[in-house]
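# What the coordinates show
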Amino acid sequence: MDEKFVFNGIFAIMWIEYLWESYLTYRQHLVYKTVKNVPPELSDNINEDTFQKSRAYALDKSYFSMVKGLYSITLSSAMIWFYLQFHFWEYSKQLLSSLHLPMNELLISCAFMIVTNSINMVVHMPLSVYTTFVLEEKHGFNKQTVGFFIKDQIKSFLVSSAIMVPLTAMAIYIIQIGGDYFFVYLWGFAMIVLLFLMTIYPDYIAPIFDKYTPLPEGELKTNIEKLAEELKFPLYKLYLVEGSKRSVHSNAYFYGFFKNKRIVLFDTLLKDKSKDDDKGCENDEILAVLSHEFGHWQYNHVAKNILITQVNLFFQFFAFGFLFKYPVLYQAFNFHNEQPIIIGLIIILQFVFSPYHTITSFFMTMLSRKFEFQADFYAKSLGKADYLKKALIKLHKDNLNFPVYDWLYSAWNHSHPPILERLEALKKDE
């Protein structure tokens, strides 16, 4: 196996995956083009005007998805073809030299992370701008001002850099000093970091971007607390996030470990009594949505996902321990005189493992769909089926989600089953 074989293999795999994704996107695009009437199952709940709006939104997103896919594969191809990773690494050395900083692998790697993050932000900015101020704006979802958007992008860059740079440096240090079994220590470090970030993110990181306030006293809060008590759900706090400053899309979720569970509701999920429209959910519908979330807790879905993630990480680090010393992998990316660990991580975990990621992602999608059905059935067991169906339909309407999907596209891409499948499943045994 020589460097040309590795180079061509990685390049071919990347394009095969792109063509496969493009094929699936095209299949779904044909559905958007050909399905022009409300499905009979939803004819009593979604009017023709809403359906046509969702269809127009879906078509616009589909066209943009094709452009974005072509843009991304062009950038990735350029990255490999012109050895840009090598040039960014050399530039990082020059940057340290100009700042009169020590020239060692850890500092060069930190500079490399900042350089690549900066370039990624710049090259992907046109896509973000178009998504927010053209696509979402056209269909009535964007609520961001230009100033809000700019501040959001800056905060996102600074926060991600502040987290990723020291973590990457620590991972490299562990690999340097860990000996033959460094992958065990690296896995332990990754597990601690994952649990730590899952713990602090909602309380300390998420509020940097959105405003979180306690859910106001009232009937909804009382009913949520009563339901949580009946199910012995260890509810610690109830939050309302001001997502309406960013978008009118809605959501709800819970987080936290052991006896410290928090529930977060987007303000766009709640019905605004002051507005004369049908957007948002009634209290009973919100309780049904939360019953679904309680189902995830009851069946330990989060813990199961964490366990699978950790097993997967261990396998990848174990394989990395065998592969990262092969010079040919680095030579394929024009690194002939050195083998930086961070470059090895990128080559192996991003490129060499790409087919593995694709396959595991598909199986995780299948598992996620199973979990969603289980959570729906749990809500149904609590007598919330009718309200859950109403909530699903309302959220579908409010978010202008298209209800019909190509089976293969959906199976590959949707971690949540399409609405027609969920409604049909909830009808069983009625």
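The notes below deal with the structure included here. Keep in mind that what you see is a predicted model, and the values were worked out from it rather than measured. (Residues numbered from 1 in each chain as written. Predicted model: local features only at pLDDT ≥ 70, side-chain atom pairs only at ≥ 80, totals over all residues. Heavy atoms only, no water.)

This part takes up unusual backbone geometry. Even without being glycine, N300 reaches a positive phi, approximately 55 degrees. Summarising the element assignment, N300 is placed in the loop between α8 (283-298) and α9 (301-323). With a phi angle near 50 degrees, L400 is a residue other than glycine that sits in the positive phi range. (Helix = DSSP H or I, 4+ residues; strand = E, 2+ residues; numbered from the N terminus.)

Glancing now at the environment of Q85. Positionally, Q85 belongs in helix α3 (residues 84-98). Overall, the relative accessible area of 10% leaves Q85 in the buried class. Discounting residues that sit within four places of it in the chain, Q85 has contacts with M79, F112, F335 and I346. (Buried < 20%, exposed > 50% of the residue type's maximum accessible area, 1.4 Å probe, protein only. Contact = heavy atoms within 4.5 Å.)

Attention now moves to the nonpolar core. In this structure, I175, F333 and I343 are the most contacted members of the largest nonpolar core, which totals 50 residues. With nine residues, the single largest contributor to this core is helix α11 (residues 341-352). Beyond its immediate sequence surroundings of up to four residues, F333 is in contact with I10, I80, Y83, F86, I347 and F351. (Core = buried A, V, L, I, M, F, W, Y, C linked by side-chain atoms within 4.5 Å.)

A few words now on the packing of aromatic side chains. For the coordinates displayed, the defined rule picks out 33 aromatic pairs. Ring plane angle 75 degrees and centroid distance 5.0 Å describe the contact between F318 and F322, whose orientation is recorded as edge-to-face. Placement of the pair is F318 and F322 together in helix α9, with a separation of four residues, close to one helical turn. For F322, a relative accessible area of 54% translates into the label exposed. Pairing F362 with W412 gives two aromatic rings, centres 5.1 Å apart and planes at 20 degrees, and the pair type is stacked. Within this pair, whereas F362 is found in helix α12 (residues 354-381), its partner W412 is found in helix α14 (residues 407-413), the two being separated by 50 residues in sequence. Through pairs of rings, three or more aromatic residues link up here, namely Y181, F182, F183, W187, F314, F318, F320, F322 and F324. (Phe/Tyr/Trp six-rings, centres within 6.5 Å; stacked < 30°, edge-to-face > 60°.)

This next bit is on the packing of helix α1 (residues 3-34) against helix α2 (residues 48-81). Packed helices, taken two at a time, are described by their axes: the angle between them and the distance between them. At a closest axis distance of 10 Å, the pairing of α1 and α2 adopts a crossing angle of 170 degrees. Taken together, the axes of α1 and α2 are roughly antiparallel relative to one another. Looking at the contact of α1 with α2, its residues break down into 16 nonpolar, seven polar and two charged. (Axes fitted to C-alpha atoms, helices over the stretch in contact; angles between N-to-C directions. Parallel < 35°, antiparallel > 145°, perpendicular 65-115°, else oblique. Nonpolar A, V, L, I, M, F, W, Y, C, P; charged D, E, K, R; others polar.)

Along the chain, the position of N117 falls in helix α4 (residues 105-138). Given the relative accessible area of 19%, N117 is considered buried.

For V311, the location among the structural elements is in helix α9. Counting along the chain gives 124 residues from V311 to W187, while the straight-line C-alpha distance between them is 9.3 Å.

The subject of this paragraph is a nonpolar patch on the surface. On the surface, Y181, V184, Y185, F314, F318 and F322 cluster together into a nonpolar patch covering about 610 Å² of accessible area. For the nonpolar patch, the secondary-structure elements that each account for two or more residues are α6 (182-209) and α9. The dominant element in the nonpolar patch, judged by the number of residues it contributes, is α9, at three residues. For F318, a relative accessible area of 34% gives the class partly exposed. (Patch = residues over 30% accessible without salt bridge, like charges linked within 9 Å, V, L, I, M, F, W, Y side chains within 5 Å. Areas by Shrake-Rupley, 256 points an atom, 1.4 Å probe, with all protein chains shown as cover. Salt bridge = Lys/Arg side-chain N within 4 Å of Asp/Glu carboxyl O.)

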